[in-house]
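The lines below spell out each chain.
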Amino acid sequence: MPEGHTIHRLAADHQRMFGGLAVAATSPQGRFAEGARRLDGRVLADADAHGKHLLLGFDDELTLHVHLGIYGRFGFGALPAPDPVGLVRLRLVGGEHFADLRGPNTCEVLEPGEVKLLRDRLGPDPLRADADPELAWRRISRARTPIAVLLMDQSVVAGPGNIYRAEVLFRQGIDPRLPGRRLSAGQWAAIWDDLVLLMAEGVRVGRIDTVRPEHTPEAMGRPPRVDDHGGEVYVYRRAGLPCLVCGTPVAAAEVASRNLFWCPGCQPSPV
């Protein structure tokens, strides 16, 4: 599933291509025909993201809400647009570009009150200027739940996924199994600040890179990582391989139905 930086990049793409323009909306697949009809001919006023949710606001206060889920994806192109190929849930056309949406988990039109309800159930997003990390800390500091699980709960922190949670905990030397209530306020502040840094870089370059300069392939004289997710990481999908920092084999376990990765050497179990 795309992590939050990808959705913020999609919001920027929509704003750049369609912002301020009247947009033609159709549903070649037919499953979103009524929603497309409501949006057809409206002006895209703003494109926003909150966590893993894309929110395209139109001039009549209607908002297109898209959650890609595991299989959803957008494809963009220059006009003239070709005939739709495959199950295109939604096609947007405006200016000199088109966008095709396929396989989203959610594609719906929301009224203003419904948008507020959606935002209210999401935690702070490290990529948003209006994010308040204290809201997440209030929940984390009372929780018996492991911090690795809390970081994947979008109602606690919106945006991070499996890669960012594994990597930020490694970078901060925190055992992912540590209960939230045993985390210190200073540790939480460091996690949040690192998420802001890492995810903003993800928006900038379009991939997740988490290793510090001294641990890049060039600095260490090692081969670059080969993975369909791209990017250089410390522990994600590196189970059994030596830690880039201390050499301890990277550990893996299934926690809350998701694969978790960490270094027992750099992230020692708390006493």
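Refer to the structure presented above.
If you're wondering where the values come from, they're calculated on a predicted model, not measured in any experiment. (Residues numbered from 1 in each chain as written. Predicted model: local features only at pLDDT ≥ 70, side-chain atom pairs only at ≥ 80, totals over all residues. Heavy atoms only, no water.)

Further remarks concern the side chain of R171. Within the secondary structure, R171 is located in helix α6 (residues 162-171). Accessibility expressed as a relative area gives 13% for R171, which makes it buried. A polar contact of 2.8 Å, which involves the side chain of R171, links it to the side chain of D194. Beyond its immediate sequence surroundings of up to four residues, R171 is in contact with D194, L197, L198, T210, V211, R212 and Y234. (Helix = DSSP H or I, 4+ residues; strand = E, 2+ residues; numbered from the N terminus. Buried < 20%, exposed > 50% of the residue type's maximum accessible area, 1.4 Å probe, protein only. Polar contact = N/O pair within 3.5 Å; in protein donor to acceptor, adjacent residues only side chain to side chain. Contact = heavy atoms within 4.5 Å.)

It is worth spelling out the pairing of strand β2 (residues 44-50) at this point. When β2 meets strand β3 (residues 53-58), the two strands line up antiparallel, connected through six bridges. Bridge pairing in β3 places H50 opposite H53. In this structure, the hairpin formed by β2 and β3 is closed by a connection of two residues, where G51 is found at a positive phi of approximately 60°. (Pairing = 2+ DSSP bridges.)

Before going further, it helps to spend a moment on the layout of surface pockets. The space that makes up the largest pocket amounts to roughly 390 Å³. In this structure, the largest pocket is lined by 20 residues; those nearest its centre are M1, P2, E3, I163 and H229. For the lining of the largest pocket, the secondary-structure elements that each account for two or more residues are α1 (4-18), α6 and β10 (258-262). The residues that make up the lining of the largest pocket include at least three from each of domain 1 (4-120) and domain 2 (133-262). Roughly 150 Å³ of internal volume is contained in the second largest pocket. As for the second largest pocket, its lining consists of R171, L197, L198, E201, R207, D209, V211, T216 and E232. Of the residues in the lining of the second largest pocket, the class split is three nonpolar, one polar and five charged. (1 Å grid on protein atoms, 1.4 Å probe; cavity = no way out; pocket = protein on both sides within 12 Å on 5 of 7 lines; lining within 4 Å. Points joined across faces, edges and corners; volume = space filled by probe spheres on them. Domains from an automatic or database assignment. Nonpolar A, V, L, I, M, F, W, Y, C, P; charged D, E, K, R; others polar.)

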